[in-house]
Amino acid sequence: MDVEGSEMNQRNLLEVDWRKIPAPADDGAAAHLVGMTIPSVSLVATDDSSVTLSALPGRTVVFAYPRTGEPGKIATGR
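Residues numbered from 1 in each chain as written. Predicted model: local features only at pLDDT ≥ 70, side-chain atom pairs only at ≥ 80, totals over all residues. Heavy atoms only, no water.

Chemist: Help me understand the overall build of the protein, please; the structure alone is not making it clear to me.
Modeler: Within the protein, the regular secondary structure consists of zero helices and two strands. Looking at the protein as a whole, 3% of its 78 residues are labelled buried. In the structure as shown, the protein presents an accessible area of about 8,100 Å², 58% of it carried by carbon and sulfur atoms. (Helix = DSSP H or I, 4+ residues; strand = E, 2+ residues; numbered from the N terminus. Buried < 20%, exposed > 50% of the residue type's maximum accessible area, 1.4 Å probe, protein only. Areas by Shrake-Rupley, 256 points an atom, 1.4 Å probe, with all protein chains shown as cover.)

Chemist: Even after reading the chapter, I still don't get a nonpolar patch on the surface, so can you show me in this structure?
Modeler: Among the surface-exposed residues, Leu13, Trp18 and Ile21 lie close enough to one another that they form a single nonpolar patch of about 360 Å² accessible area. The topology assignment puts Leu13 in the segment before β1 (42–44). According to the relative accessible area criterion, Leu13 is exposed, its value standing at 62%. (Patch = residues over 30% accessible without salt bridge, like charges linked within 9 Å, V, L, I, M, F, W, Y side chains within 5 Å. Salt bridge = Lys/Arg side-chain N within 4 Å of Asp/Glu carboxyl O.)

Chemist: Can you help me understand the confidence of the model for the protein in this one?
Modeler: Close inspection of predicted coordinates is inappropriate for parts of the model with low pLDDT. Of all residues in the protein, 72% attain a pLDDT of 70 or more, and the chain-wide mean is 77. Low pLDDT, under 50, characterises residues 1–6; the predicted model gives this stretch two contacts beyond four residues in sequence or across chains. (pLDDT = per-residue confidence, 0-100. Contact = heavy atoms within 4.5 Å.)

Chemist: I'm lost on the environment of Val51 in this one. Help?
Modeler: Inspection of the secondary structure assignment puts Val51 in strand β2 (residues 50–52). Taking the C-alpha atoms as reference points, Val51 and Val41, separated by ten residues in sequence, lie 8.2 Å from one another. The residues contacting Val51, other than those within four sequence positions of it, are Val41, Ser42, Leu43, Ala45 and Leu56.

Following this line, the structure appears as structure tokens:
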């Protein structure tokens, strides 16, 4: 399928026309999270250091994505 010229044909996030993306509706499903404290959870950062989320000051946003492989190992194509 040729998507050339399609509005969805974006090479990177810098080319996205964000005005065309509708804002999500707040359905209140996360309202119970306001004021909650993050438990003591340590995660490994991309630089291999350990980050304890509860020790971070202020508001923190954690970006996670599905594991796609092990760092330093070549995929075997199972």
